[in-house]
Number of protein chains: 2
Amino acid sequence: MPAHALFREEDIRFDVDVDPVIAALEKILPDEGLVVHEAGRRAYECDGLAAYKQLPLLVAIPETVEQIQGVLKCCHEAGVPVVTRGSGTSLSGGSLPHPQGLLLALGKFNKIIEIDAERRIARVQPGVRNLAITEAAAPHGLYYAPDPSSQIACSIGGNVGENAGGVHCLKYGLTVNNVLAVKVLTMEGELTTIGSEALDSPGLDLLALMHGSEGMLGVVVEVTLKLLPNPLTKQVLMASFNDVEQGGHAVAAIIARGIIPAGLEMMDGAAIQAAEDFVKAGYDTAAAAILICELDGSDAEVADQQKAVEACLRDHGASRIQVAQDDNERARFWAGRKAAFPAVGRISPDYYCMDGTIPRKQLAYVLKRISEISATHNLETVNVFHAGDGNLHPLILFDGNQPGQLEAAEAVGSAILQLCVEVGGTVTGEHGVGLEKINEMCVQFATAEINQFHAIKAAFDERGLLNPGKAIPTLNRCAEFGRLHVHNGELPHPELERL
Amino acid sequence: MPAHALFREEDIRFDVDVDPVIAALEKILPDEGLVVHEAGRRAYECDGLAAYKQLPLLVAIPETVEQIQGVLKCCHEAGVPVVTRGSGTSLSGGSLPHPQGLLLALGKFNKIIEIDAERRIARVQPGVRNLAITEAAAPHGLYYAPDPSSQIACSIGGNVGENAGGVHCLKYGLTVNNVLAVKVLTMEGELTTIGSEALDSPGLDLLALMHGSEGMLGVVVEVTLKLLPNPLTKQVLMASFNDVEQGGHAVAAIIARGIIPAGLEMMDGAAIQAAEDFVKAGYDTAAAAILICELDGSDAEVADQQKAVEACLRDHGASRIQVAQDDNERARFWAGRKAAFPAVGRISPDYYCMDGTIPRKQLAYVLKRISEISATHNLETVNVFHAGDGNLHPLILFDGNQPGQLEAAEAVGSAILQLCVEVGGTVTGEHGVGLEKINEMCVQFATAEINQFHAIKAAFDERGLLNPGKAIPTLNRCAEFGRLHVHNGELPHPELERL
């Protein structure tokens, strides 16, 4: 188990007398709704960040909102930490259990309560899978836009918790831009309604605050989502570049023309090769980078944008430009990108997928530095990139069975995140902080901001029982990690001198 | 001065020993930077909600961030409330002074620090006028999208505080969707940086929280904004309807086709007549409602959308459809709508502009009820409507010199806001809560949500010194107002029974 980012002493300070808690929970939960024996709890010991494992003290599997409410009230009274889990696909350890805590598994909340085509909304329980919403909306010609690559499995409650993105978030926004309202239980078990279907909600913007809060402010028990009409037309272009920097310039040029593609993805040479070997998508394996650009809208709009995008690609030295001629070819262009992660899984026993953002213009520099950092640790890194919004996913290749390689991969990952902050980016684009990147939060934020996060957390959860030890580092942790004083590429607060 | 919504006893609980505060502030502020004499303070006694007047205890006019910081530290120590003011155009009394407090006037922070055309951002001080940003960006072919009707005067700091909208927010979003980062001073005078130019910011979403927080969480001292490229083409259509309901259906049909117009505005018969009498825009004064629809984008995109919009208008019984033939005609179509408020000012000694949101399909019912409510109080109401996003602006006509008419107008306004909540809308679309709608917040929110707002407020401002008495009602106030238990058209939390 990696040591660098696990729970610290202050995160496991809870003193739980488990027997009375079990007795109380048994009265609240249905038969088989409370898992006490170790073999049963073992099934929940990790999430999508599989290198981290932690047995929970107990697992609760409620079936009604009243039962969740009862569980929370009981845990609040007894001082038991609570970690909420949907499908358990978090890549940052967001739903990794707490050793002294109850794991609240919401898998049974998988009901789509309502699809209203006229209002273009869906109202769903938190355990509903992301893709299931689009499937249910499809007969009405509607879909739910955010599409994280785990969309077949990940649940909407977790999407809210991590503010999930996906290939199409460049044009259609993150989860926060596609959710209208949530019903949330506080740690005390009180039900609150946050947001509405109206333009703007009066009062403080608790809806945005809830997004990306990683289960630390409350338990989401219902989500009302925006549905969008299916675009009339889609088109996909694929361009090859002899160097990554030119590709980066092409991306900047497309955005600068005011075109917001539905997707704009880049892969480096190693990623192209791995994907091509795996799915035979006809990718240009001679290229240093390929760019996949999806356009959507009305026929005229797409035709117009296609002309402009082709010009940008040509102007910035694309060595080859392919335009999909039909649905099959469109699917083929995407196939390699969509299979990039499993493709990398074929060429390396293990890989560690990082997630950071950078200003687009820093792309070439950052890729060069990533390659240097990896070489220092005798590892290789393959890069896929949500190019339009500057969200980089380096996949660090390693072999967990070779002593020291996991630690080396983690060191490379941490150095990459710090690099992202140095060039003016952030330590997470869409995977969240969880336990994985909690140390790097000390690099991203100054003490004042971290204190503000803690104060808000306490305003929702005074006793600190919801997902303790995640997302917001303690100042002790930062002191030990040896925080860097860098914020968005600047020294802290030079503006006081400048203004 | 209207009595129904003014400061309550608990809002004016501060015990300020003013002489030592004056002595301390004189050392911090420049010459003429501290206004103590009554005539000088008088200039700040109201904002855009002109019916409410309140002299502040002191006025501070700092010129540097260090000076603001010094003022805040001093007030924090001495327990002096602070109300921040930009241009003072708030329509809800957001910057109305506190009788025991310091008014912090940021008019001198009017510098555009940076326009970066490549990154498509502007970095500005909080006192910069909204329109000045677009003017400064224009040479680069860029503009700042949110355009509240006060854009010539209102300042960007206030836009953040109220999460300002405007005619174009249907397509381009509210202020929160167009701001990337803010620098904020806490009440203790600590400088924090919130947000970044990256896709998503790790940690809790303090940036969204700051928007619409009405100066209650901190003092914004710098704003980094997104700039957009000017659209290549614009087109404006104007349609007449013989009844409002048909117009509402046409709006729903346009949105349902997946078209997001740049603007989609409706005016009722009384508003049409007032506007036509004032600016002779050639409006159809025989119509019960007109709909003005602006489309923007590339030539092909606009042509495409125009065809679809015309079909929607025809299908829903438009009695007349006009398409602007050139720039002059486009400007003429807009002229009446843009002059609607002053036009109404010509036909009535006073008017009270309300701001609520409703589900679009409730439009006809809500207009009928507004007319009934007004008649009960012997008043008339004229309606303009951001139809695309359901944001209604009823203008209640009254004569402040006639005894009882102001109170009657306020009663009508309050009843309209409660009506908005009853049909599933909200008490504010874009003007904020301030003091004006603070009672109606008790209708919008249940106790649990109001308590959560207070807890977050306390997490930023423990002593409650920033803009006390605004935006978030005390539970005492709600008890006295006689809160209704209605949330989004539902009784509170029926879902507990339903789920």
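Residues numbered from 1 in each chain as written. Chains lettered and ligands numbered in written order. Predicted model: local features only at pLDDT ≥ 70, side-chain atom pairs only at ≥ 80, totals over all residues. Heavy atoms only, no water.

Colleague: Could you give me a rundown of the domain arrangement of chain A, with the residues and numbers involved?
Modeller: Residue and element names in this part refer to chain A. On domain assignment, one finds that chain A holds domain 1 (9–105), domain 2 (112–229), domain 3 (233–342) and domain 4 (348–481). The gap between the C-alpha centroids of domain 1 and domain 2 is 23 Å. The partner domain 2 presents 13 residues to the 17 residues of domain 1 that form the contact. The tally of links between domain 1 and domain 2 comes to zero salt bridges. Inspection of the region where domain 1 meets domain 2 yields three residue pairs in polar contact (both at pLDDT 80 or more). (Domains from an automatic or database assignment. Contact = heavy atoms within 4.5 Å. Salt bridge = Lys/Arg side-chain N within 4 Å of Asp/Glu carboxyl O. Polar contact = N/O pair within 3.5 Å; in protein donor to acceptor, adjacent residues only side chain to side chain.)

Colleague: For unusual backbone geometry, give the residues involved together with the corresponding values.
Modeller: Apart from glycine, the bulk of residues carry a negative phi angle, and the bulk of peptide bonds sit in the trans form. Residues and elements named next belong to chain A. Phi angles above zero are rare outside glycine, and K280 is one such case at about 50°. Within the fold, K280 resides in the loop between α9 (269–279) and β14 (289–297). With a relative accessible area of 59%, K280 lands in the exposed category. (Helix = DSSP H or I, 4+ residues; strand = E, 2+ residues; numbered from the N terminus. Buried < 20%, exposed > 50% of the residue type's maximum accessible area, 1.4 Å probe, protein only.)

Colleague: Would you mind going over the interface of chain B and chain A in detail, with residue names and values included?
Modeller: Counting residues at the interface gives 75 residues for chain B, matched by 75 residues for chain A. Buried surface at the junction of chain B and chain A, both sides included, amounts to about 6300 Å², of which 63% is carbon and sulfur. At the junction of chain B and chain A, the tally comes to zero salt bridges. Linking chain B to chain A there are six residue pairs in polar contact (both at pLDDT 80 or more). Mapped onto the side of chain B that touches chain A, the elements with two or more residues apiece are α3 (65–78), β9 (191–195), α7 (206–210), α8 (244–256), α10 (299–315), α15 (441–444), α16 (447–460) and α18 (495–498) of chain B. Among the elements that make up the side of chain B that touches chain A, the one with the highest residue count is α16(B) (nine residues). (Buried area = accessible area lost by both parts, 1.4 Å probe.)

Colleague: Run through the side chain of B:N383, naming residues and quoting values.
Modeller: Residue position: B:N383 is located in strand β18 (residues 380–386). Ignoring any residue separated from it by four or fewer positions in sequence, one finds B:N383 in contact with B:M266, B:M267, B:D268, B:A271, B:L367, B:I370, B:L392, B:H393 and B:P394.

Colleague: Tell me about the packing of aromatic side chains, and please be specific about residues and values.
Modeller: All names here are of chain A. The tally for this structure, following the rule as stated, stands at six aromatic pairs over all chains. Their ring planes at 85° and their centres at 6.4 Å tell us that Y143 and Y172 sit as a pair that is edge-to-face. Of this pair, Y143 sits in strand β7 (residues 142–143) while Y172 is found in helix α6 (residues 169–172), placing the two residues 29 residues apart along the sequence. The pair Y143 / Y172 is uniform in exposure class, with both members buried. Relative to F453, the ring of F445 has its centre 5.0 Å away and its plane inclined at 85°; by these criteria the two rings are edge-to-face. Both residues of the pair, F445 and F453, belong to the buried class. The side chain of K338 reaches across the aromatic face of W334, ending 5.7 Å from its centre. (Phe/Tyr/Trp six-rings, centres within 6.5 Å; stacked < 30°, edge-to-face > 60°. Lys NZ or Arg CZ within 6 Å of the ring centre and 35° of its normal.)

Colleague: Describe helix α1 (residues 18–28) of chain A, and please don't skip the residues or the numbers.
Modeller: Residue and element names in this part refer to chain A. Those residues of α1 lying buried are V21, I22 and L25. Down the axis of α1, the buried side of the element spans an arc of 100°, and every buried residue falls inside it. When the buried face of α1 is taken as reference, the exposed residues oriented beyond 90 degrees from it are D19, E26 and K27. Against the buried residues of α1 lie β1 (34–35), β2 (58–60), α3 (65–78) and β4 (102–105). (Arc of directions from axis to C-beta.)

Colleague: Quick rundown of the sheet that holds strand β9 (residues 191–195) of chain A? Include the residues and the values.
Modeller: All names here are of chain A. Taken in spatial order, the five strands make up an open sheet running β5-β6-β10-β8-β9, and their pairing is antiparallel. The open sheet has two edge strands, β5 (112–116) and β9, and neither has a second partner. On average, adjacent strands in this sheet sit at an angle of 15° to one another, irrespective of strand direction. Sheet topology places strand β8 (residues 179–185) next to strand β10 (residues 219–226); six bridges connect them, and they run antiparallel. Looking at the pairing, V182 lines up with V223 of β10. (Pairing = 2+ DSSP bridges. Axes fitted to C-alpha atoms, helices over the stretch in contact; angles between N-to-C directions.)

Colleague: Explain the packing of helix α9 (residues 269–279) of chain B against helix α12 (residues 340–347) of chain B to me, and be specific about the residues and the numbers.
Modeller: Residues and elements named next belong to chain B. Following both chains from N to C, one finds α9 and α12 inclined at 90°, their axes separated by 8 Å at the closest point. When the interaxial angle is binned, α9 and α12 end up roughly perpendicular. Contacts between α9 and α12 pair A274, A275, D277 and F278 from the former with P342, A343, V344, R346 and I347 from the latter. (Parallel < 35°, antiparallel > 145°, perpendicular 65-115°, else oblique.)

Colleague: Outline the state of the cysteines, listing residues and values.
Modeller: Residues and elements named next belong to chain A. A complete count under the given rule lists two disulfides over all chains for this structure. In this model, C442 is linked to C478 through a disulfide, with the two sulfur atoms separated by 2.1 Å. For the disulfide bridge between C442 and C478, the dihedral angle about the S-S bond is near -80°, and by the sign convention the bridge is left-handed. Of the two residues, C442 is situated in helix α15 (residues 441–444) and C478 in helix α17 (residues 475–481); the sequence distance between them amounts to 36 residues. Of the two residues examined, C442 and C478, each falls in the buried class. (Disulfide = S-S within 2.5 Å.)

Colleague: Would you mind going over the relation of the copies chain B and chain A in detail, with residue names and values included?
Modeller: Between chain B and chain A, the superposition needs a rotation of 180° and an axial shift of 0.0 Å, giving an RMSD of 0.0 Å. Here the symmetry operator amounts to a two-fold rotation axis. For chain B, the minimum C-alpha distance to the rotation axis belongs to B:E301 and amounts to 2.3 Å. Mapped onto chain A, 100% of the interface residues of chain B again fall at the interface, so both copies present the same surface. (Least-squares fit on C-alpha atoms with pLDDT ≥ 70 in both.)

Colleague: Got a sec to walk through the nonpolar core? Specific residues and values, please.
Modeller: Counting residues in each nonpolar core, the largest one holds 186 residues, and the members touching the most others are A:L313 and B:L313. Residues within four places of A:L313 in sequence aside, it is in contact with A:L237, A:A239, A:F241, A:A250, A:I254, A:L291, A:A318 and A:I321. (Core = buried A, V, L, I, M, F, W, Y, C linked by side-chain atoms within 4.5 Å.)

Colleague: So what's going on with the pattern of salt bridges? Residues and values would help.
Modeller: All names here are of chain A. The tally for this structure, following the rule as stated, stands at 42 salt bridges over all chains. Close ionic contact of D296 with K171 constitutes a salt bridge, the shortest N to O distance being 2.6 Å. Here D296, found in strand β14, pairs with K171, found in helix α6; they are 125 residues apart in sequence, far enough to count as distant. Residue classification places K171 among the partly exposed residues on the basis of a relative accessible area of 27%. Three or more residues are tied together by salt bridges with common partners; here these are E114, D116, R119, R123, E197 and E222.

Colleague: Tell me about the sheet that holds strand β2 (residues 58–60) of chain B, and please be specific about residues and values.
Modeller: Residue and element names in this part refer to chain B. On the basis of which strands lie adjacent, the open sheet formed by four strands has the order β1-β2-β4-β3 and mixed pairing. A strand with exactly one partner marks an edge of an open sheet, and here the two such strands are β1 (34–35) and β3 (82–85). Sheet topology note: the β3/strand β4 (residues 102–105) ladder contains four bridges and is parallel. Residue T84 lies in a different strand from β4, and its bridge partner there is L104. Packing of helix α1 (residues 18–28) onto the sheet brings it into contact with β1, β2 and β4, and relative to β2 it is tilted by some 15°.

Colleague: Describe the pairing of β9(A), listing the residues and the values that go with them.
Modeller: All names here are of chain A. Of all five residues in β9, five are buried, a share of seventy percent or more. The sheet contact formed by β8 and β9 spans five bridges and is antiparallel. The partner of K183 across the bridge, within β9, is T193. The loop that links β8 with its antiparallel partner β9 comprises five residues; one of these, G189, has a positive phi angle of about 90°.

Colleague: Break down the environment of A:V21 for me, with residues and values.
Modeller: All names here are of chain A. When you line up the elements, V21 lands in helix α1. A relative accessible area of 4% means that V21 is categorised as buried. Through-space distance from the C-alpha of V21 to that of G141 is 48 Å; in sequence the pair is 120 residues apart. Setting aside anything within four residues of it in sequence, one finds V21 in contact with V16, L58, C74, A78 and V80.

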